[in-house]
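Structural overview for review
Read off the chains here:
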Amino acid sequence: MSPFHTACGIIDIICHSYEGYFSHSIGSLQDGIAEAVNRICVKYGRKVMTCPKDYEARAQLAMCSFLSITHLYDCGRAFAGNIHVTEHVLSAYFDIAHGAGIAIVSLARFRYVLSDKTAHRFLEGRAD
């Protein structure tokens, strides 16, 4: 898989986790899972981008992908999945990769949701 498409996949995984994470619903366990997935994606995403044949990195990302598509971190909370819905329109019109569209839409979404009330969510969800 090309580095571009690998990066697009990683962005898509992360997006699935933060769509529920930035909902207004409480979910401590769900938040913890989402934060762990984000940290793993950043850690192993960096590794796989520098060493594409790193089996452990690919395996960790595959597990995150599985958790991501199950929407486990959305269970019991209001789903705020508007990022994916919006992106599907972009990729249909502009023929761009899904993950690239997700990155574009996510930046706009982050600007929209960032406030004094939500700033702590960005800090808690960060991947050092």
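Notes on the structure follow. (Residues numbered from 1 in each chain as written. Predicted model: local features only at pLDDT ≥ 70, side-chain atom pairs only at ≥ 80, totals over all residues. Heavy atoms only, no water.)

What about the overall build of the protein?
Note the following rule: Each helix corresponds to a stretch of at least 4 residues labelled H or I by DSSP, and each strand to a stretch of at least 2 residues labelled E; elements are numbered beginning at the N terminus. For a compact globule the rule gives 2.2 Å times the number of residues to the power 0.38, and the radius of gyration it is set against comes from C-alpha atoms. Any two residues whose heavy atoms approach within 4.5 Å are treated as being in contact. We get accessible surface area from the Shrake-Rupley algorithm with a probe of 1.4 Å; when it comes to residues, only the shown protein chains can shield them. Positive charges are assigned to Lys and Arg, negative charges to Asp and Glu, while His and the chain termini are left out of the count. Taken as the charge centre is NZ of Lys, CZ of Arg, CG of Asp or CD of Glu, depending on the residue.
Looking only at helices and strands, one finds six helices and zero strands in the protein. Sequence-ordered secondary structure for the protein, helices as α and strands as β, is α-α-α-α-α-α. Here the C-alpha radius of gyration of the protein, 14 Å, is about what a compact globule of 128 residues would show, namely 14 Å. Referenced to the eigenvectors of the C-alpha coordinate spread, the extents of the protein come out at roughly 40 × 35 × 25 Å. A separation threshold of at least 6 residues defines the contact pool for the protein, and within that pool the share at least 24 residues apart is 69%. Counting every atom, the protein has about 7700 Å² of accessible surface; 66% of that belongs to carbon and sulfur. One finds the centroid of the 12 positive side-chain charges in the protein at a distance of 5 Å from the centroid of its 12 negative side-chain charges.

A closer look at the nonpolar core
Test applied: Working definition of a nonpolar core: buried Ala, Val, Leu, Ile, Met, Phe, Trp, Tyr and Cys residues. They are joined through side-chain atoms within 4.5 Å. When a residue's accessible area, from a 1.4 Å probe over protein chains only, is under 20% of the maximum for its type it is buried; when over 50% it is exposed; and in between it is partly exposed.
Judged by nonpolar contacts, the single largest core of 19 residues is most densely connected at Ile 10, Tyr 18, Val 37, Cys 41, Leu 61 and Ile 83. Looking at this core, the element that brings in the most residues is helix 1 (residues 3-21), giving six residues.

Observations concerning a nonpolar patch on the surface
What counts is decided by this rule: For patches, a residue must show more than 30% relative accessible area and have no salt bridge; joins then use 9 Å for like charges and 5 Å for nonpolar side chains, namely Val, Leu, Ile, Met, Phe, Trp and Tyr. Any carboxyl oxygen of Asp or Glu within 4 Å of a side-chain nitrogen of Lys or Arg constitutes a salt bridge here.
A cluster of nonpolar side chains, contributed by Val 89, Tyr 93, Phe 94, Ile 96 and Ile 104, occupies part of the molecular surface with about 550 Å² of accessible area. With three residues, the top contributor of residues to the nonpolar patch is helix 4 (residues 82-94). Within the secondary structure, Ile 104 is located in helix 5 (residues 98-113).

Considerations on the packing of helix 2 (residues 28-50) against helix 3 (residues 55-70)
Threshold: Simply put, an axis is a line fit to the C-alpha atoms, just over the touching stretch for a helix, and the angle between two N-to-C directions goes from 0 to 180 degrees. What makes a crossing left-handed is the near helix being turned counterclockwise from the far one by less than a right angle; a clockwise turn instead makes it right-handed.
Taken N-terminus to C-terminus, the directions of helix 2 and helix 3 make an angle of 145°; their axes are 9 Å apart at the nearest point. In this structure, helix 2 meets helix 3 at a crossing whose hand is left-handed. Touching Val 37, Ile 40, Cys 41, Tyr 44, Gly 45, Lys 47 and Val 48 of helix 2 are Glu 56, Ala 57, Arg 58, Gln 60, Leu 61, Cys 64 and Leu 67, all from helix 3.

With respect to the side chain of Gln 30
Note the threshold: Side-chain atoms alone can form a polar contact between residues adjacent in sequence; in general such a contact is a pair of N or O atoms within 3.5 Å, and within protein one must be able to donate a hydrogen while the other accepts it.
Inspection of the secondary structure puts Gln 30 in helix 2. Judged by its relative accessible area of 16%, Gln 30 falls in the buried class. Here the side chain of Gln 30 touches Cys 75 through a polar contact of 2.5 Å, landing on its backbone oxygen. Excluding residues that lie within four positions of it along the chain, Gln 30 makes contacts with Leu 72, Tyr 73, Cys 75, Gly 76 and Arg 77.

Side note on unusual backbone geometry
Positive phi outside glycine occurs at His 71, with the angle close to 60°. Note on placement: His 71 falls in the loop between helix 3 and helix 4. The class of His 71 is partly exposed, set by a relative accessible area of 25%. One non-glycine residue, Asp 95, lies in positive phi territory at about 50°.

Concerning the environment of Val 37
The topology assignment puts Val 37 in helix 2. Taking the C-alpha atoms as reference, Val 37 lies 9.4 Å from Gln 60; in sequence the two are 23 residues apart. Not counting chain neighbours up to four residues away, the residues in contact with Val 37 comprise Ile 13, Cys 64, Leu 67 and Tyr 73.

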